[in-house]
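# Observations on chain architecture
One letter stands for each residue in the lines below.
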Amino acid sequence: MGRGKVQLVRIENTTNRQITFSKRRNGLLKKACELSILCEVDVGLLIFSASGKSYQFSSQDMGSVISRYRHAKGIGNSCVTPAEYWTTEIKNLKKMIESLENRKRHFAGDELQSMGIKDLKQLESQMKMGLDKIRSWKRKIIFEQINQLKRQLKELQEENNNLHRKSIDRGINCDVSFLFQIATGVREMGIQDEA
C-alpha cells in the first residue's frame, strides 16, 4: 500500500512544520550523500532554516565546491561587496532604461536615422502587429457597445409595449402623434405670450 500524495502548501502548525523540516532535511542530506557516492560526483548542499540556522553537506570541502561553482558560472572568486553589487545593478538598470526609451522614441517615429534597414523592417512589422491588435480590440469594444445598445433598445421597446397594453386595458387609448401636437401647440402658445 503506497502513501497518499502530499499537498504542497505551507504547514500552519509550527510544531508540525518543524518536525517536517527536520525529517525532510535529514532525507535530503542523506540523498545528497548517496548521490555523491553512487555517481562519484561533487555535491554541495546548503540549507537555511526559518530561524537562520544553516545545515550543509559537501562531498569535498564546501569552499572548493563553491569556488568551482563560481568559476563555472563566470562569477569569479572575489567576494562582491553589497556596494559593488548595487553599483553594477544600477548601471544595468540605467542601460535597460536607456534602451527602452530609445525603443519608445523609435515607435514614435523619432531618431530613426541611427537604425539600419533590417531594424526598420522589424520596427515596421512590430508596429503593424500592434496596430492590428489595437484595431481588433477597438472593434470588439464597439461590437460590445452596439450589442448593449440593442439590448437596451429591446428592453425599452418591450417596456413601451407593456405600457401601451396597460393604457389600452385602462381605457386610455391616446394617439401619440395627437399628444405630440398638443405639446407642440402649448409650447408655441407660451412663446407667443412671452412676445
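Remember, predicted model here, so these are calculated numbers, not experimental data.

## Quick look at a nonpolar patch on the surface
Taken together, the side chains of Leu-46, Phe-48 and Ile-66 define a hydrophobic patch exposed on the protein surface, amounting to about 290 Å² of accessible area. For Ile-66, the location among the structural elements is in helix α2 (residues 62-73). Residue classification places Ile-66 among the partly exposed positions, given a relative accessible area of 34%.

## Concerning the pattern of salt bridges
Counting across every chain of the model gives 4 salt bridges. Between Glu-12 and Arg-10 there is a salt bridge, with the nearest N and O atoms lying 3.3 Å from each other. Measuring nitrogen to oxygen at the nearest pair gives 3.9 Å for the salt bridge that ties Lys-128 to Glu-124. Taken together, the residues span about one helical turn, with Lys-128 and Glu-124 both in helix α4 (residues 117-169) at a distance of 4 residues.

## Thoughts on the nonpolar core
Among the nonpolar cores identified, the biggest contains 7 residues, and these are Leu-29, Ala-32, Val-43, Leu-45, Ile-47, Tyr-55 and Phe-57. Secondary structure elements with two or more residues in this core: α1 (14-39), β1 (44-48) and β2 (54-58). Aside from chain neighbours lying at most four places away, what touches Phe-57 is Leu-29, Ala-32, Cys-33, Ser-36, Val-43, Gly-44, Leu-45 and Met-62.

## Remarks on the packing of aromatic side chains
Evaluation of the coordinates by the stated rule reveals 1 aromatic pair. If you follow Arg-25 out to its NZ or CZ, it ends over the ring of Tyr-55, 4.1 Å from the centre.

## Thoughts on α2
The end-to-end C-alpha distance of α2, which contains 12 residues, comes to 17 Å, matching closely the 16 Å that a straight helix rising 1.5 Å per residue would cover. Following α2 by one or two positions, Gly-74 adopts a phi angle in the positive range, close to 75°.

## Some remarks on the pairing of β2
Here β1 runs beside β2; their pairing, made up of 5 bridges, is antiparallel. In the sheet register, Phe-48 faces β2, and the bridge partner there is Ser-54.

## Examining α1
The terminal C-alpha atoms of α1, which comprises 26 residues, lie 37 Å apart, in line with the 38 Å expected from a rise of 1.5 Å per residue. Taken together, the buried positions of α1 are Arg-25, Leu-29, Ala-32 and Ser-36. Check the buried side of α1 and you find it contacts β1 and β2. Capping of α1 at its N-terminal end is provided by Asn-13; its side-chain oxygen lies 2.9 Å from the backbone amide nitrogen of Thr-15. After α1 finishes, the residue Glu-40 shows a positive phi value of roughly 55°.

## Digging into the packing of helix α3 (residues 82-107) against α4
Taken N-terminus to C-terminus, the directions of α3 and α4 make an angle of 75°; their axes are 11 Å apart at the nearest point. Considered as vectors, α3 and α4 are oriented roughly perpendicular to each other. Judged by residue contacts, Arg-103, His-106 and Phe-107 of α3 engage Leu-123, Gln-126 and Met-127 from α4. Of the residues that constitute the contact of α3 with α4, the class distribution is 3 nonpolar, 2 polar and 1 charged.

## Quick look at the side chain of Arg-25
Here Arg-25 is to be found in helix α1. For Arg-25, which is buried and forms no salt bridge, the nearest opposite charge comes from Glu-34, at a distance of 15 Å. Residue contacts for Arg-25: discarding those within four places in its chain leaves Ile-47 and Tyr-55.

## Considerations on unusual backbone geometry
Located in the positive-phi region is Glu-40, a residue other than glycine, with phi close to 55°. As for its position among the elements, Glu-40 is in the loop between α1 and β1. On the basis of relative accessible area, Glu-40 is assigned to the exposed category, the value being 76%. Of note, Glu-111 is a non-glycine position whose phi angle comes to about 55°, a positive value. Tracing the chain through its elements places Glu-111 in the loop between α3 and α4.

Scoring rules and cut-offs
- Along every chain, residues carry numbers that run from 1 in the direction the sequence is written.
- Confidence filtering applies because this is a predicted model: local features only for residues at pLDDT of at least 70, side-chain atom pairs given and counted only at 80 or more, and all residues used for totals across whole chains, interfaces and linings.
- Hydrogens are left out, water is left out, and the side-chain values use all remaining heavy atoms of the structure.
- Patch membership requires over 30% relative accessible area and the absence of a salt bridge. Like charges are linked within 9 Å, and nonpolar side chains (Val, Leu, Ile, Met, Phe, Trp, Tyr) within 5 Å.
- For the accessible areas, the method is Shrake-Rupley and the probe is 1.4 Å, while residue cover comes only from the protein chains on display.
- Put simply, a salt bridge is a Lys or Arg side-chain nitrogen that is within 4 Å of an Asp or Glu carboxyl oxygen.
- Helical segments are the DSSP runs of H or I of at least four residues, strand segments are the runs of E of at least two, and each set is numbered from the N terminus.
- Each residue gets one of three labels from its accessible area relative to the maximum for its type: buried under 20%, exposed over 50%, partly exposed in between, using a 1.4 Å probe on protein chains only.
- Think of a nonpolar core as a cluster: buried Ala, Val, Leu, Ile, Met, Phe, Trp, Tyr and Cys residues, connected wherever their side-chain atoms sit within 4.5 Å.
- Contacts are assigned to residue pairs with any non-hydrogen atoms lying within 4.5 Å of each other.
- Here the aromatic set is Phe, Tyr and Trp, taking the six-membered ring for Trp, and pairing holds for ring centres within 6.5 Å; pairs whose planes are under 30 degrees apart are stacked, those over 60 apart are edge-to-face, and all others are tilted.
- When the NZ atom of lysine or the CZ atom of arginine is within 6 Å of a ring's centre and also within 35 degrees of its normal, the charge is said to sit over that ring.
- Each residue after the first adds 1.5 Å to the expected span of a helix.
- At least two DSSP bridges between two strands are required for those strands to pair.
- We define a polar contact as two N or O atoms separated by no more than 3.5 Å, with the added condition that, inside protein, one atom must be a possible hydrogen donor and the other a possible acceptor, whereas residues neighbouring each other in sequence contribute only through side-chain atom pairs.
- As a rule, the C-alpha atoms of each element are fitted with a line to give its axis, helices using only the stretch in contact, and angles between N-to-C directions run from 0 to 180 degrees.
- Each angle is binned into one of four classes, with values under 35 degrees roughly parallel, values over 145 roughly antiparallel, values of 65 to 115 roughly perpendicular, and all other values oblique.
- For this classification, Asp, Glu, Lys and Arg are treated as charged, while Ala, Val, Leu, Ile, Met, Phe, Trp, Tyr, Cys and Pro are nonpolar and the rest, including Gly, are polar.
- For the purpose of counting charges, residues Lys and Arg are taken to be positive, whereas Asp and Glu are taken to be negative. His and the chain ends are not included.

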